[in-house]
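Residue strings, one per chain:
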Amino acid sequence: RGQDPGEHPSVTLFREYLRLKTVQPEPNYDVAVRFLERIAAELGLGCQKVEVCPGRVVTIMTWQGTDPQLRSILLNSHTDVVPVFEEHWTHDPFEAFKDSQGNIYARGAQDMKCVSIQYIEAIRRLKAEGKRFPRTIHMTFMPDEEIGGFKGMQLFVKRPEFQALNIGFALDEGLANPTDTFTVFYGEKCVWWIKIKCEGN
Ligand SMILES: [Zn+2]
């Protein structure tokens, strides 16, 4: 694949993941699940697969904490990406081309394969440094977020396997920010979405 021999291994792994065609409307989820299973084995993490409906597998990697009674940290991400109009791209959206400035071009480079690999590489580094934390950390990888999560997260949260994760806190995607600041979606207590219908006359 013409890999730069001096490339940081985390970048190489990111580019490998970007080449997996998990593109809607027919994502190749099998290849993503195999990729994730391989990484779990490499990192020595527990790996659980939950098929929430036929062809829709949620992959869970678990780094056990020293106090597993505590509620866990969830690092969630979705594996699917939205479609492409390939003619409008300067580089093949599934080649993960890296230009001389270091820019990587791919569908999923921002939304959100970057985040999945960042979770993985952060845990790889912490484990390699011999770090241990009281709380268990779970990484979950969801199908179908880009089409509403009806056959992904929405089913998963009703499963006993989800309950068993005993989650205390979760991270998921944000959005790119063109300035020097980072965008964080902020929520506390509980989600409060209401629908107001006003009928005038
Ligand atoms: Zn996303």
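What comes next is a walk through the structure. (Residues numbered from 1 in each chain as written. Predicted model: local features only at pLDDT ≥ 70, side-chain atom pairs only at ≥ 80, totals over all residues. Heavy atoms only, no water.)

This part is about the layout of surface pockets. Counted as a void, the largest pocket has a volume near 1200 Å³. As for the largest pocket, its lining consists of 31 residues, of which A170, L171, D172, E173 and G174 are closest to the centre. Broken down by element, the residue count for the lining of the largest pocket peaks at 5 residues, all from strand β7 (residues 167-171). Grouping the amino acids of the lining of the largest pocket by side-chain chemistry returns 17 nonpolar, 9 polar and 5 charged. Reported here for the second largest pocket is a volume of approximately 410 Å³. Considering the residues around the second largest pocket, the lining is formed by F185, Y186, G187, E188, K189, C190, V191 and W193. Residues belonging to the lining of the second largest pocket are distributed by class as follows: 5 nonpolar, 1 polar and 2 charged. (1 Å grid on protein atoms, 1.4 Å probe; cavity = no way out; pocket = protein on both sides within 12 Å on 5 of 7 lines; lining within 4 Å. Points joined across faces, edges and corners; volume = space filled by probe spheres on them. Helix = DSSP H or I, 4+ residues; strand = E, 2+ residues; numbered from the N terminus. Nonpolar A, V, L, I, M, F, W, Y, C, P; charged D, E, K, R; others polar.)

Bringing the nonpolar core into the picture now. Residues F35, M61, I120 and M139 are the most contacted members of the largest nonpolar core, which totals 27 residues. Elements represented by at least two residues in this core include exactly α1 (9-18), α2 (29-43), β2 (56-63), α3 (113-128) and β6 (137-142). With 6 residues, the single largest contributor to this core is α3. When neighbours within four sequence positions are excluded, M139 is seen to be in contact with L45, T59, I60, M61, L75, Y119, I120 and I123. In terms of nonpolar packing, the next biggest core, distinct from the first, is built from 10 residues, L74, M142, F162 and L165 among them. (Core = buried A, V, L, I, M, F, W, Y, C linked by side-chain atoms within 4.5 Å. Buried < 20%, exposed > 50% of the residue type's maximum accessible area, 1.4 Å probe, protein only. Contact = heavy atoms within 4.5 Å.)

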